[in-house]
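Listed here are the chains, written in short residue letters.
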Amino acid sequence: MQRKAYAPGRSGPAVLSAAALALGLGIGLTGCSPGAAANTDAVDSKAGPAAPAAPPGRYRTLFDPCGAVPQAALKDLLPGAAGLPDAERDRTYRGTSALTFDTDRRVGCSWKSDAPDAAHRLTLDVERVVSYDPVVSDDDRAQEVYGRKQTAAGIVPPPTAPPATTPPPTTAHTAPPAKPPASTGAGGAAPLAGRLPSLPPLAPHGPHGPLAAGRTASPGAAAGQHPTGAVTPTAPTSPASPTTGLEPRVLTGLGEVAFLDDTLLSTGPSGAKRVVSVVFRTSNVIVTVEYEEQTTTSAEVPDSKELQEKARNLARLLAERLEE
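Starting from 1, residues in each chain are numbered consecutively following that chain's sequence as written. At least 70 in pLDDT is required for a residue's local features to be given in this predicted model, at least 80 for side-chain atom pairs to be given and counted, and no such filter applies to totals for whole chains, interfaces and linings, which use all residues. Calculated side-chain values reflect all of the structure's heavy atoms, with hydrogen atoms and water omitted.

Per-residue pLDDT for the protein chain averages 75, and the proportion of residues at 70 or more is 60%. Across residues 1-38 the pLDDT falls below 50, and counting only partners more than four positions away or on other chains, this stretch makes one contact in the model. Think of pLDDT as the predictor's per-residue confidence, scored from 0 to 100. It only takes one pair of heavy atoms within 4.5 Å for two residues to be counted as in contact.

Listed below in structure tokens is the structure:
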């Protein structure tokens, strides 16, 4: 019988060892993979779902405030510019831009005109508020900024009516049972009868009592208005201060929220100065209109109603511009 040729490395035990090693590595790798996935799932489940990001504001850019006021409005707001030479009048109507670091975040413009009897100044400030907190929206952050402005002006929002509450249902009232009469001693008399000394009757109070001696009755008591002789004190009432409707107040129908401030800053021989401010918020943009008049004589004080009307009309134009 012919023998088979010998081939190095092909012996039976070596082959079995290599196969066993490969099988062991495969089992080890297979056993580790599911464990790692399980650990990852456990970490993710402990972290919880991510909080949703707050929505951004409506506005990403701002308009040019110097070009936002129509020339017809400027003629009404700056009456002293009408008598200026053409070149100077045009320069007055163009206004002066405020210096800001980022025109997408804040812009401003101012105008000024002088007249023999009064000087007028108009200032616009437009701010776009951005919240860097992912859970606070731009609108909410803008409302915080607006609220601080309103608080600084000393204007309190009108109170809101409390929600109506339904009264609890009424139940039939049951009278408590009557107490039994106290027990009496022999002969029907109370147990303590006769044990206490008899007391004299109490002296009457009021105008007929012993304290009434030497006291003069009031005319009202003599007339029978108070039979007991008592006089009801009344607190002095002061007349309420009349309201003109021009006081600093919260405005409605302008933006989402708005208020008006009116301040008479100074009066004296050189004249009087009044500043009217209208502030409103639309989404994440806050607009401030400040209109000022300075008279040159002490005989005249700037008219509050006229200044407020002009400032409010301009604020409405700017609010419409934001809606475009």
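Next comes the rest of the description.
Moving on, we come to the nonpolar core. The nonpolar core is taken to be a set of buried Ala, Val, Leu, Ile, Met, Phe, Trp, Tyr and Cys residues, with the residues joined through side-chain atoms within 4.5 Å. Exposed residues in this analysis have more than 50% of their type's maximum accessible area, buried residues have under 20%, and partly exposed residues fall in between, with area computed by a 1.4 Å probe over protein chains only. In terms of nonpolar packing, the biggest core is built from 36 residues, with F280, V289 and L318 touching the most fellow members. The secondary structure listing takes helices from DSSP runs of H or I that are at least 4 residues long and strands from runs of E that are at least 2 residues long, numbered from the N terminus. When residues of this core are traced back to their parent elements, those giving at least two are α2 (71-77), β2 (106-114), β3 (118-128), β5 (257-268), β6 (271-282), β7 (285-295) and α6 (304-323). At seven residues, the largest contribution of residues to this core is made by α6. Among all residues touching F280, those that are not within four sequence positions of it are Y146, L254, G255, V257, A258, V285, I286, V287, A315, L318, A319 and L322.

Moving on, we come to the packing of aromatic side chains. To pair, rings of Phe, Tyr and Trp, with the six-membered ring standing in for Trp, must have centres within 6.5 Å; the planes then decide the type, stacked if under 30 degrees apart, edge-to-face if over 60, and tilted in the middle. All chains considered together, the criterion is met by one aromatic pair. For the pair Y146 and F259, a centre-to-centre distance of 5.6 Å together with 55° between the ring planes defines the contact as tilted. Here F259 lies in strand β5 and Y146 lies in helix α4 (residues 138-152), a separation of 113 residues in the sequence. With respect to class, Y146 is no different from F259; both count as buried.

Turning to α4, a few remarks are in order. Here, expected helix span is obtained from the residue count minus one, scaled by 1.5 Å. The terminal C-alpha atoms of α4 lie 21 Å apart, and with 15 residues this matches the ideal 21 Å at 1.5 Å per residue to within 8%. Among the residues of α4, those classed as buried are D138, A142, V145, Y146 and Q150. Down the axis of α4, the buried set is contained in an arc of 140°. They therefore lie on one face. Set apart from the buried face of α4 by more than 90 degrees, the exposed residues are R148 and T151. Buried residues along α4 sit in contact with β3, β4 (249-251), β5, β6 and β7. After α4 finishes, the residue G154 shows a positive phi value of roughly 75°. Taking the helix axis as origin, the arc is that swept by the directions to the C-beta atoms.

Once that is clear, we can look at the sheet that holds β5. A pair of strands is treated as paired once DSSP finds two or more bridges between them. What the seven strands build is an open sheet, ordered β1-β2-β3-β7-β6-β5-β4; its pairing is antiparallel. Because the sheet does not close on itself, it has two edges, and the strands there are β1 (96-97) and β4. The pairing of β1 with β2 spans two bridges and is antiparallel. Counted as the bridge partner of S97 is C109 from β2. Axes, fitted as lines to C-alpha atoms, cover a helix only where it is in contact. Angles between the N-to-C directions of the axes lie from 0 to 180 degrees. Against the sheet, α4 touches β2, β3, β4, β5, β6 and β7, its axis set at about 160° to β6. In this fold α6 packs onto β3, β4, β5, β6 and β7, with an angle of close to 25° to the strand it touches most, β6.

What follows is about α6. For α6, with 20 residues, the first-to-last C-alpha span of 29 Å sits near the 28 Å given by 1.5 Å per residue. Buried positions along α6 lie against α2, β3, β4, β5, β6 and β7.

Right, let's get into the side chain of N284. By the element assignment, N284 lies in the loop between β6 and β7. In the analysis that follows, any N or O atom pair within 3.5 Å is treated as a polar contact, provided that within protein one partner can donate a hydrogen and the other can accept it, and provided that, for residues neighboring in sequence, both atoms belong to side chains. In this structure the side chain of N284 is engaged in a polar contact, spanning 3.4 Å, whose partner is the side chain of S283. Beyond its immediate sequence surroundings of up to four residues, N284 is in contact with G57, R58, Y59, E127, R128, V129, D138, D139 and A142.

It is worth spelling out unusual backbone geometry at this point. At S283, a position not held by glycine, the phi torsion is positive, near 55°. Along the chain, S283 turns up in the loop between β6 and β7. Note on S283: relative accessible area 4%, which makes it buried.

What follows is about the state of the cysteines. Working definition: a disulfide is two cysteine sulfur atoms within 2.5 Å of each other. Taken as a whole and judged by the stated rule, the model has one disulfide. Each sulfur in the disulfide pair C66 and C109 lies 2.0 Å from the other. Negative torsions about the S-S bond denote left-handed disulfides, and the value of about 105° found for C66 with C109 makes this one right-handed. In this pair, C66 sits in the loop between α1 (12-47) and α2 while C109 sits in strand β2, placing the two residues 43 residues apart along the sequence. A relative accessible area of 13% places C66 in the buried class.

Moving on to the pairing of β7. Of all eleven residues that make up β7, nine are buried, and the element is covered over most of its length. As defined by bridge partners, β3 adjoins β7 across eleven bridges and the pair is classed as antiparallel. Paired with T123 across the strands is E290, a residue of β7. Across ten bridges, β6 lies against β7 in antiparallel orientation.

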